[in-house]
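Letter by letter, the chains look like this.
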Amino acid sequence: MEESSSKGSPSWVLFEECLHNEAGRFNYWTTVAEIDNIERQNEDLFREHRATLSYLAKNEKGIIDWQFKNEMWRVSYNIGNVDIEESDNGVIFNEDIGNEEIQVFITLKESIGNYPKTWKLWPTFENYFDLRADEKGNLVDPYNDELVAKIPFPAEKGPVCIRTDYLQDYLAARNMVLIRQHDYTRLWEEYITDAHEPEKNGICCKEKWGCYNLYVSNSQKNFMDRFSRLIFKDFIPPYNQAGTVGGNRRVEVQAEDYPEFIIEKKLDGKEIKKRPAPNDLKSVYFNPKVLKRYYEEPKRYSVGFHAPGMGSVSFLDRWIIPIGRNDEGLIILWLGDLAKAGLSGEEINHWRSHNVPPRGGMAMDFWNAQMQCNPSKDPSLESRLIDCKHSINKYMDSNGKKIYKSYEGPDVYIEKTLREPLYDEHYEFQESIILLSKMFIEYLDIKSIKKDLPDKQKKDAKGKEFTQIVLLANWLNFVIHVPIELAEKIKKSLQNIQMVRSKTGVAHRFSDSSYQEVIEKLDLSDDRITGKSLYCAVANPLADNLEELCNVLGIGNDLWWIKYKEN
């Protein structure tokens, strides 16, 4: 069919590929609107112009049959535009969106001055799924980060396409069908042999998918009169049931469908299991890998530890679960929270796959905060690092100085994903150390720092420019007037982080020689060195030094744990 429908062939003239493969068919994406930019059409001997516009019709047989009574367009491009009429009391604003039987779905806004034509998808579709526009103007489902509507700008740049499953779910919710109107024209200059004008030339033909009218003019002497035009209408039906599509659709898990979770392990090895039920305060334990999924999707999930043993994991504005972390790194939560949060079946099964027997005892920060209403007075390592950096940035900004640049691109989520290694695997450790390095080294505003420094503090005796970490130390000492001892400690802690990242970046496992070299350089005992202990060996000194810097700058009380202890 594709070969026989090449430009200029008889089947191309008769729109056979459209009538057999396009009309009444839809797949992953559905085209709901399209308009060619005629001015941009090239001088090809075989040209085509396309226009498509869709509208909604009530899902009743009589109404739908009437829509396909003939191929003529029922709704103009201008539906949905405003109409302002004069009255004795000023102007009256009217907006045409149709009626109970037929309603607008998408409208074309004409160009005004330098502002080009744009497509306007009617807000009810966007609101139904709570969609959000991306930087290109397309619509995205923020709950699963999936593209739902491709909307070109300007309007002539391409068709407007909607995810078919989202469209059919929306139609089911409104008890409507989407009727698509298409007007395709093909033009050529030379007479095309065997391109016969059909017997029903210009007569409306009915099909199961809708109706069409094909008119062919090939035998005319004037080449300007050689063209074929296909006007057809088809429809997209609704799903049988609404509410099954979209990241914001919560499918309730019935109590009997919950899997059983391990809540206890007897001395004889027998595991005691129980299904989640709201308000059940039985503690359940999980391998820390359970959090990896949430750290890897920071656009939608947030994981944070306010204190060493107390934190939470949340999904946008849908649910939040308090979690604990004990001395062995296991994650703890209340069994009832799995049911109360309204997690999807997929989420429940994810937690169940990482469920382990209790080990290592309760996380006391978690217990005290949840059961005694006594929050921890000690911050987590992540909290110390993030809060110290924020306070230092704020201080520098208020004094007209810049120490760090703003995060860009995917790095805007650095602080959401900053963490101690969740488990002892090389790649998890490497990811954690890279985040730490990016946050405190790569995003140093070296341009601003160098601008403040005299030349002799930028280069060594041989004229070689200092590294960015040395430049930072010099800047802290000579520009911010931080004691040289503290500036040197900050320099050393950052250099250790840089060294660890560099040395371990070429490794593939913890047993590689590069890790042994790092352990020796940090003067650590290699007995029972874990990813977490190695990370803390460089991250804790940095946190200590940053906290000391906050005190030297006079902003120590901006840190909640210092303020809390003083009060």
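Look up: the structure comes first, before these words.
Every residue gets a number counted from 1 within its own chain, in the order that chain's sequence is written. Owing to the predicted nature of the model, reporting of local features is limited to residues with pLDDT of at least 70; listing and counting of side-chain atom pairs is limited to 80 or more, with chain, interface and lining totals taken over all residues. The side-chain numbers reported here are obtained from all heavy atoms of the structure, hydrogens and water having been left aside.

1. Observations regarding the overall build of the protein
On a plain count of helices and strands, the protein comes out with 18 helices and 23 strands. For 567 residues, the compact-globule formula gives about 24 Å, and the C-alpha radius of gyration of the protein, at 33 Å, lies well above that figure. In terms of overall dimensions, the protein has C-alpha extents of about 95 × 70 × 65 Å along its principal axes. The cut-offs for exposure are 20% and 50% of the maximum accessible area for each residue type, with area from a 1.4 Å probe on protein chains only; residues under the lower value are buried, those over the upper are exposed, and the others partly exposed. Across the 567 residues in the protein, those meeting the buried criterion constitute 47%. Side-chain charges in the protein split into 75 positive and 90 negative, and the spacing between the mean points of these groups amounts to 4 Å. In this description a helix means any DSSP run of H or I spanning at least four residues, a strand means any run of E spanning at least two, and both kinds are numbered starting from the N terminus. In this setup the radius of gyration rests on C-alpha atoms only. A globule is expected at 2.2 Å times the number of residues raised to 0.38. His is not counted, nor are the chain ends, whereas Lys and Arg count as positive and Asp and Glu as negative. We put the charge of a Lys on NZ, of an Arg on CZ, of an Asp on CG and of a Glu on CD.

2. Section: the sheet that holds strand S23 (residues 355–356)
Strand pairing in a sheet relies on backbone hydrogen bonds, with the paired strands running either antiparallel or parallel. Taken together, the six strands give an open sheet; going across it, the order is S19-S20-S21-S22-S18-S23, and neighbouring strands pair in antiparallel fashion. Looking at which strands have only one partner, the edges of the open sheet turn out to be strand S19 (301–307) and S23. Pairing between strands requires that DSSP locate at least two bridges from one strand to the other. Note: strand S21 (residues 319–325) against strand S22 (residues 331–334), two bridges, orientation antiparallel. Across the sheet, the residue bridging to Gly-324 is Ile-332, located in S22. The contact criterion used is simple: two residues touch if any of their non-hydrogen atoms lie within 4.5 Å. Axes here refer to lines fitted to C-alpha atoms; in helices the fit is confined to the stretch in contact. Angles between the N-to-C directions go from 0 to 180 degrees. Strand contacts of helix H9 (residues 364–371): S19, strand S20 (310–315), S21 and S22, with the helix running at about 20 degrees to S22, the strand carrying the most contacts.

3. Structural notes on the packing of aromatic side chains
Two rings from Phe, Tyr or Trp (for Trp, the six-membered ring) form a pair when their centres are within 6.5 Å of each other. A pair whose planes differ by under 30 degrees is stacked, one over 60 is edge-to-face, and the rest are tilted. Taken as a whole and assessed by the stated rule, the structure comprises 31 aromatic pairs. Among the aromatic residues, those joined into a cluster by ring pairs are Tyr-143, Phe-261, Phe-286, Tyr-294, Tyr-301, Phe-315, Trp-319 and Trp-351. In this arrangement the basic side chain of Lys-233 is found over the ring face of Phe-68, its NZ or CZ atom lying 5.8 Å from the centre. The ring of Phe-440 has Lys-389 sitting right over it, with the charged end atom 5.7 Å from the ring centre. Two thresholds decide whether a charge sits over a ring: the Lys NZ or Arg CZ must be within 6 Å of the ring centre and within 35 degrees of the ring normal.

4. Some words on the side chain of Thr-504
Examined against the element boundaries, Thr-504 turns out to sit in helix H15 (residues 484–504). What makes Thr-504 buried here is its relative accessible area of 0%. Two N or O atoms form a polar contact when they lie within 3.5 Å of each other; inside protein one atom must be a possible hydrogen donor and the other a possible acceptor, and for residues adjacent in sequence the pair counts only when both atoms belong to side chains. Within polar-contact distance, the side chain of Thr-504 engages the side chain of Gln-430 at 2.9 Å. Residue contacts for Thr-504: discarding those within four places in its chain leaves His-426, Phe-429, Gln-430, Ser-514, Tyr-515 and Val-518.

5. Thoughts on the pattern of salt bridges
Any Lys or Arg side-chain nitrogen found within 4 Å of a carboxyl oxygen on Asp or Glu counts as a salt bridge. Within this structure, the stated rule accounts for 39 salt bridges. Between Glu-48 and Arg-50 there is a salt bridge whose closest N-O contact spans 2.9 Å. Between Arg-359 and Glu-328 there is a salt bridge whose closest N-O contact spans 2.7 Å. Residue Arg-359 is located in the loop between S23 and H9, and its partner Glu-328 is located in the loop between S21 and S22; the two are separated by 31 residues in the primary sequence. For Arg-359, a relative accessible area of 42% gives the class partly exposed. With a relative accessible area of 45%, Glu-328 lands in the partly exposed category. Within the structure, one salt-bridge network assembled from shared partners comprises Glu-17, Glu-22, Glu-48, Arg-50 and Arg-186.

6. Focus on the nonpolar core
Considering soluble globular proteins, one finds that nonpolar side chains tend to be buried as a cluster. Residue types Ala, Val, Leu, Ile, Met, Phe, Trp, Tyr and Cys, when buried and joined through side-chain atoms within 4.5 Å, form a set referred to as a nonpolar core. Ranked by internal contacts, the top residues of the largest apolar core, which has 57 residues, are Leu-385, Leu-436, Phe-440, Leu-472, Trp-475, Leu-476 and Tyr-535. Per element, the largest residue contribution to this core is 10 residues, and it comes from helix H17 (residues 531–552). Excluding residues within four positions of it along the chain, Leu-472 makes contact with Ile-403, Leu-444, Ile-449, Ile-490 and Leu-494. Counting residues in each nonpolar core, the second largest holds 30 residues, with Phe-305, Ile-321, Leu-338 and Ala-341 among its members.

7. Observations concerning the environment of Lys-447
Position of Lys-447 relative to the elements: it lies in helix H13 (residues 446–452). By relative accessible area, Lys-447 is classed as exposed at 72%. When the C-alpha positions of Lys-447 and Lys-402 are compared, they lie 9.2 Å apart, and in sequence the two are 45 residues distant.

8. Digging into a nonpolar patch on the surface
Where nonpolar side chains cluster on the molecular surface, the patch consists of Leu-281, Met-364, Trp-367 and Met-371 and spans about 370 Å² of accessible area. Under the relative-accessibility criterion, Met-371 is labelled partly exposed at 33%. Patch membership requires more than 30% relative accessible area and the absence of a salt bridge. Residues of like charge join within 9 Å; the nonpolar side chains Val, Leu, Ile, Met, Phe, Trp and Tyr join within 5 Å. Per-residue and other accessible areas were derived by the Shrake-Rupley procedure at a 1.4 Å probe size, with only the shown protein chains allowed to occlude residues.

9. Description of the packing of helix H12 (residues 426–442) against H15
Contact geometry for H12 and H15: axes closest at 9 Å, N-to-C directions at 140 degrees. Comparing their axes, H15 and H12 come out oblique. Helix-helix and strand crossings are classified by hand; for H12 and H15 the assignment is left-handed. Residues His-426, Phe-429, Gln-430, Ile-433, Ile-434, Leu-436, Ser-437, Lys-438, Phe-440, Ile-441 and Glu-442 of H12 pack against Leu-494, Ile-497, Gln-498, Val-500, Arg-501 and Thr-504 of H15. Partitioned by chemical class, the residues of the contact of H12 with H15 number nine nonpolar, five polar and three charged. Should an angle fall under 35 degrees it is called roughly parallel, over 145 degrees roughly antiparallel, and 65 to 115 degrees roughly perpendicular, with every other angle called oblique. Helix crossings are classified by the rotation of the near helix relative to the far one: an anticlockwise turn of less than a right angle makes the crossing left-handed, while a clockwise turn makes it right-handed. Just so you know the grouping, Ala, Val, Leu, Ile, Met, Phe, Trp, Tyr, Cys and Pro go in nonpolar, Asp, Glu, Lys and Arg go in charged, and all remaining residues, Gly too, go in polar.

10. Description of the environment of Lys-451
Summarising the element assignment, Lys-451 is placed in helix H13. The exposure class of Lys-451 is exposed, given its relative accessible area of 73%. Taking the C-alpha atoms as reference points, Lys-451 and Trp-475, 24 residues apart in sequence, are found 9.9 Å from one another.

11. Describing the packing of helix H14 (residues 468–478) against H15
At a closest axis distance of 9 Å, the pairing of H14 and H15 adopts a crossing angle of 160 degrees. Taken as axis vectors, H14 and H15 run roughly antiparallel relative to one another. Once H14 is placed against H15, the crossing between them reads as right-handed. Residues Ile-469, Val-470, Leu-472, Ala-473, Leu-476 and Asn-477 of H14 lie in contact with H15, whose contacting residues are Ile-484, Ala-487, Ile-490, Lys-491, Leu-494, Gln-495 and Gln-498. Each residue belonging to the contact of H14 with H15 can be placed in one class, and the counts come to nine nonpolar, three polar and one charged.

12. Here we look at H12
Since there are 3.6 residues in each turn of an α-helix, residues three or four apart along the chain are aligned in direction. Counting buried residues in H12 gives 12 out of 17 residues, a clear majority hidden from the surface. For H12, the set of buried residues is His-426, Glu-428, Phe-429, Gln-430, Ser-432, Ile-433, Leu-435, Leu-436, Ser-437, Met-439, Phe-440 and Ile-441.

13. A look at the pairing of strand S1 (residues 29–35)
Across the seven residues that make up S1, a large majority, five, are buried. Pairing of S1 with strand S11 (residues 160–163) involves four bridges; the strand directions are antiparallel. Counted as the bridge partner of Ala-33 is Val-160 from S11. In this sheet, strand S2 (residues 47–58) lies alongside S1 in antiparallel orientation, the contact comprising three bridges. Paired with Ile-35 across the strands is Ala-51, a residue of S2.

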